[in-house]
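Here are the chains, one letter per residue:
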Amino acid sequence: MIVEVALPVPLRGGFDYLLPEGQPTPTPGCRVRVPFGSRQLSGVVVTIKQDSEQPTAKLRQLSAVLDHQPILSERLLEWLNWASRYYQHPLGDVISTALPARLRKGDAATIQQTCWQLTETGLAQDSQSLKRAPQQQALVERLQSGRCDARTLKQAFSATVIRALEEKGLIETVEDEYVADTDWPQRIHICGQLTPNLEQSLAITAVNNHAQGFQCFLLEGVTGSGKTEVYLQTIAPLLKQGRQILILVPEIGLTPQTVARFEQRFGIEVAVLHSGLTDKERLRVWQQAGLGEVGIIIGTRSAIFTPLANPGMIIVDEEHDGSYKQQDGWRYHARDLAVVRARMEKVPLILGSATPSLETLNNALGSRYQHLSLGKRAGGANAVKHQVLDIKGQALDYGLAKGMQQRIRLHLQQGHQVMLFINRRGFAPALICHQCGHVEECHRCERSFTLHRQLKKLQCHHCGDAKVVPHRCAACGHPDLQPVGMGTEQLEQGIQRIFPDYSAMRIDSDSARGKQKLHGLLEEINQGKSQLLIGTQILAKGHHFPRVSLVVILDVDSALFSADYRAAEHLAQLITQVAGRAGRAQIQGELWLQTHNPGHPLLQDLLNNGYQHFARLALKERQFAALPPYSYQALFRAEAVDGNLAYGFLEQVKACLQPTDITLIGPLPALMEKRQGRYRMQLLLQSDKRTGIQQWLSNMMSNIEKLPLANKVRWSLDMDPMDFT
DNA sequence: TACGTTTAGTCG
DNA sequence: GACTAAACGTAC
């Protein structure tokens, strides 16, 4: 018997081991401990086979089998196998990212629980002898029908009763296998269900009609159109059947309110997976979900790996959100993995967004996904008016044109709140010497340091390096150092100067360090403590600001002319999301964009015709330029202290490619050419057929790994890259 | 020659 | 990725 094991090492393929005599054969999905070089590693059994391609002499024996039951179901294992091939990432590493840290380290996968049972004397004794202690008598009688776990017993009997019987030697504790508690479907009690409007009804019916098999839905609904209500009503019948629902939300969107809404509607506990959990808590949720003890699991990106005993549906909320893409190690996209998982589990998948990604929209328009639209804002809130302000040749105070200042004042005087967006943290993005023009730069990234006045520091936003603000120019020694450009800190200070009678609040990742703090600040905003809100994108996600009537985006030009072809899409999403979160029925909301290019066609289209129309136009542009989703990309990244090595490696990769239908672009320097002291190069593969790239990669990856420069540079492959920094 | 440091190669 | 043995460099 040969056991093939996937190990958490950056090497392709499994490793074969011999099963020691007398050992029970582990099934695929079980963890095992194996000798690997000079150390012991734990991995997961992938297959059991009769013979190995390796010479038998080379094979070593398994050290131990860690699980009696597989911790990964056959289906999950098959899914991860697919993912490993699709992303061209080693299976061992894929499996290890999919497992909770505790299981990776080899902790027990089964839950042990403490149970009470009668001792031998307890069994022999007649319970009538305890007549004078009715509680104790009841307890003994309860245990006569079998052991009972400590938690349940504590609910029925006081600790004193238990202790008394223990001291009498009638009962004792014993460690026992945990029995899953799966009666939550009976506890479901639907409350507070809203009457759906026509569009919501249509969407709910459409999903219900396909609830028993795989079907992918795009639920495109403007903010406030009641997407959540559709989720709630489509999952209700599934939950009642005891089927589990997995919900993915963006990192920033996982709020206690979201969780509370699901708990209130169904009256059952919702399991939550987010970055704040300890390893132990995370393992517990993983186990509960796998045993079928929880009906609803809400989590961020990595929650897609949660096992489900009886899956009913997967929902990816705000599917366009960038946080679904893992940006290091195995660069998976949780939304894309969700599609494949739903297909394998034979359950429906809902992708929800007010501003769907062009990839998803394209799938919906091409009928691969069923397209459901919610166009009306529930509760009759007015649509926010979009307008542009041409700032060509205008004098700006802290980035604000005079006309804009007047408009802001108008809204403030009406007692409303005003929100200002700028895409830069800190005080100023650079510090320049007024005498010689020298700019303070991070030597590891060759980018200017951002000035943080509050922290009294210069900080590199690319590597996190920080130093104290110098008093003199490092080049000429002159003390006249001036900030250039503007960030949130400076805007806050400036806006306070222009509007001294109103209070300003800044919300960015500096001021809102820590999740709790962000929620606190958002609370304060909605209580009306500040009238002027200054922030970065962090403000745009997941929160409503009913008192805000005016939103200003200070600079949209950088996105319109970015080297990243997705920048316009992301800007449009930001603008639409922001507009959707401001204002309410009684207040006519306004959104203003300051730009030097008021006539830009995409901007005009967005303003006049809304995101839906813009997205279709942007898709046409992508099609014309043969960009995703009309072509498929894979990106080789390489970095090294010596830029020539990174370049040379990618040249070697390029040389592996025979002329085929794959277009190669590069090697080119990354958009951020140097980072943390390393030069970064990229080689982009593009093809109009996904299979073309896939085939070439699966044939070539092992050759690429053996290239002479492959272990001299740090390199990685990014399937469906989302950014080119 | 003894020691610390970098590098190439391997892992079943 | 982590580890080891070999190669290399340096001090005495």
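Residues numbered from 1 in each chain as written. Chains lettered and ligands numbered in written order. Predicted model: local features only at pLDDT ≥ 70, side-chain atom pairs only at ≥ 80, totals over all residues. Heavy atoms only, no water.

Notes on the protein's contact with DNA strand B
Put simply, the rule reads: If a single non-hydrogen atom of a residue is within 4 Å of a molecule or strand, that residue counts as near it. For this analysis, a polar contact is any N or O atom pair within 3.5 Å, provided that within protein one partner can donate a hydrogen and the other can accept it, and provided that sequence-adjacent residues contribute only side-chain to side-chain pairs. Starting at the N terminus, helices and strands are each numbered in turn, a helix being any DSSP run of H or I of at least four residues and a strand any DSSP run of E of at least two. Note on residue classes: Ala, Val, Leu, Ile, Met, Phe, Trp, Tyr, Cys and Pro are nonpolar, Asp, Glu, Lys and Arg are charged, and everything else, Gly too, is polar.
Around DNA strand B there are 13 residues in total, and G14, D16, F36, Q54 and R60 lie nearest to it. Per the 4 Å cut-off to the protein, sugar and phosphate atoms form 47% of the nearby atoms of DNA strand B. G14 is positioned such that a nitrogen or oxygen atom in its backbone is 2.9 Å from a base nitrogen of DNA strand B. Separating a base nitrogen of DNA strand B from a side-chain N or O atom of K58 is a distance of 3.3 Å. Of all elements in the fold, only strand 2 (15-18) and strand 3 (31-36) reach the threshold of two or more residues within the surface near DNA strand B. At 3 residues, strand 2 tops the list of elements feeding residues into the surface near DNA strand B. The residue inventory of the surface near DNA strand B, partitioned by class, reads 6 nonpolar, 3 polar and 4 charged.

Observations concerning the nonpolar core
So the rule is basically this: Here the nonpolar core consists of buried residues drawn from Ala, Val, Leu, Ile, Met, Phe, Trp, Tyr and Cys, with membership extended through side-chain atoms lying within 4.5 Å. Categorising residues by exposure relies on relative accessible area from a 1.4 Å probe, with only protein chains included: less than 20% of the type maximum marks a residue as buried, more than 50% marks it as exposed, and the intermediate range marks it as partly exposed. Here, residues are in contact when the closest pair of their heavy atoms is within 4.5 Å.
By size, the foremost hydrophobic cluster in this structure holds 121 residues, and its most contacted members are L72, F636, F649, W696, L697 and I704. Looking at this core, the element that brings in the most residues is helix 20 (residues 601-624), giving 9 residues. Setting aside residues no more than four positions away along its own chain, L697 makes contact with Q88, A634, F636, L685, L717 and M719. Counting residues in each nonpolar core, the second largest holds 32 residues, with I245, L254, I268 and V270 among its members.

A word on the UniProt feature "binding site: Zn(2+) 1" (unreviewed entry) in chain A
For clarity, the cut-off: UniProt positions are given in the numbering used here, feature names are shortened, and annotations may be inferred rather than shown by experiment.
Listed under "binding site: Zn(2+) 1" (unreviewed entry) in the UniProt record, and renumbered for this structure, are C433, C436, C473 and C476. A compact arrangement is adopted by the annotated residues: their sequence extent is 44 residues, whereas the largest C-alpha distance between any two is 8.5 Å. Within the secondary structure layout, C433 lies in strand 21 (residues 430-433). Look at C433 and you get buried, because its relative accessible area is 2%. When sequence neighbours within four positions are dropped, the list of residues in contact with C433 reads H438, C473, C476, H478, D480 and L481. Note on placement: C473 falls in the loop between strand 26 (466-468) and strand 27 (481-484).

Notes on the domain arrangement of chain A
Counted only if it meets this: Each domain's extent was defined by an automatic or database domain assignment. For this document, the term salt bridge refers to a Lys or Arg side-chain nitrogen within 4 Å of an Asp or Glu carboxyl oxygen.
Along its sequence, chain A is carved into domain 1 (2-104), domain 2 (112-177), domain 3 (191-379), domain 4 (381-428 + 485-621) and domain 5 (632-719). Between domain 1 and domain 3, the C-alpha centre-to-centre distance is 31 Å. Residue-level contacts link 19 residues of domain 1 with 18 residues of domain 3. Our count for the contact surface shared by domain 1 and domain 3 stands at 1 salt bridge.

So, the packing of helix 14 (residues 358-365) against helix 20
What describes two packed helices is the angle between their axes and the distance between those same axes. The test is simple: Between N-to-C directions, angles cover 0 to 180 degrees, with each direction set by a line fitted to C-alpha atoms, over the stretch in contact for helices. By the definition adopted for this analysis, an angle is roughly parallel if under 35 degrees, roughly antiparallel if over 145, roughly perpendicular if from 65 to 115, and oblique otherwise.
Interaxial distance between helix 14 and helix 20 falls to 10 Å at its minimum, and their mutual angle equals 95°. What the angle tells us is that helix 14 and helix 20 run roughly perpendicular. Here L358, E359, L361, N362 and L365 of helix 14 come into contact with helix 20, specifically with A615, R616, A618, L619 and R622. When its residues are assigned to classes, the contact of helix 14 with helix 20 shows 6 nonpolar, 1 polar and 3 charged.

Considerations on the protein's contact with DNA strand C
Lining the immediate surroundings of DNA strand C are P10, F36, S38 and R39. S38 is positioned with one of its side-chain polar atoms (N or O) 2.8 Å from a sugar or linking oxygen of DNA strand C. Between DNA strand C and R39 there is a distance of 2.8 Å, counted from a base nitrogen to a side-chain nitrogen or oxygen. Class assignment of the residues belonging to the surface near DNA strand C gives a composition of 2 nonpolar, 1 polar and 1 charged.

With respect to the side chain of R566
Along the chain, R566 falls in the loop between helix 18 (557-560) and helix 19 (567-581). There is a polar contact of 2.5 Å between the side chain of R566 and the side chain of E359. For R566, the residues in contact, after removing those within four places along its chain, are E359, R622, Q633, P721 and M722.

Section: the UniProt feature "domain: Helicase ATP-binding" (unreviewed entry) in chain A
When the UniProt feature table is mapped onto this chain numbering, "domain: Helicase ATP-binding" (unreviewed entry) sits at residues 208-374. Counted over residues 208-374, helix gives 36% and strand 23%. Its end C-alpha atoms are 17 Å apart.

Notes on the layout of surface pockets
Our working rule: A 1.4 Å probe that fits but cannot get out identifies a cavity on a 1 Å grid over protein atoms alone, an open set with protein on both sides within 12 Å along at least five of seven lines counts as a pocket, and a residue lines either if it has an atom within 4 Å of a point. Grid points are joined across faces, edges and corners, and a volume is the space filled by probe spheres set on the points.
Considering only enclosed or pocket space, the second largest pocket measures out at about 940 Å³ in volume. Those elements that place two or more of their residues in the lining of the second largest pocket are strand 32 (632-640), strand 33 (663-675), strand 34 (678-687), helix 22 (690-705) and strand 35 (714-719). The class makeup of the residues in the lining of the second largest pocket is 11 nonpolar, 9 polar and 12 charged.

Points about the packing of aromatic side chains
Our working rule: Two rings belonging to Phe, Tyr or Trp (six-membered ring only in the last case) form a pair when the distance between their centres is within 6.5 Å. Interplanar angles under 30 degrees mark stacking, angles over 60 mark edge-to-face geometry, and anything in between is tilted.
All told, the structure shown has 12 aromatic pairs when counted by the stated rule. Ring geometry for W330 against Y332: centres 4.8 Å apart, planes inclined by 50°, an arrangement best described as tilted. Each member of the pair W330 and Y332 is classed as buried. A ring pair is formed by F649 and W715, whose centres lie 5.4 Å apart and whose planes are at 40°; its orientation type is tilted. With a gap of 66 residues between them, F649 in helix 21 (residues 643-655) and W715 in strand 35 connect regions that are remote in the sequence. You can call W715 partly exposed: its relative accessible area is 21%.

Topic: helix 1 (residues 74-86)
The cut-off we apply is this: Expected helix span is computed as 1.5 Å times (number of residues minus one).
Counted at 1.5 Å a residue, the expected span for helix 1 with its 13 residues is 18 Å, and the 18 Å between its end C-alpha atoms agrees. The complete set of buried residues in helix 1 reads L76, L77, W79, L80, A83, S84 and Y86. Where helix 1 is buried, its residues meet strand 4 (39-49), helix 2 (91-98), helix 13 (334-345), helix 22 and strand 35. Immediately beyond the C-terminal end of helix 1, within one or two residues, lies Q88, with a positive phi of roughly 55°.

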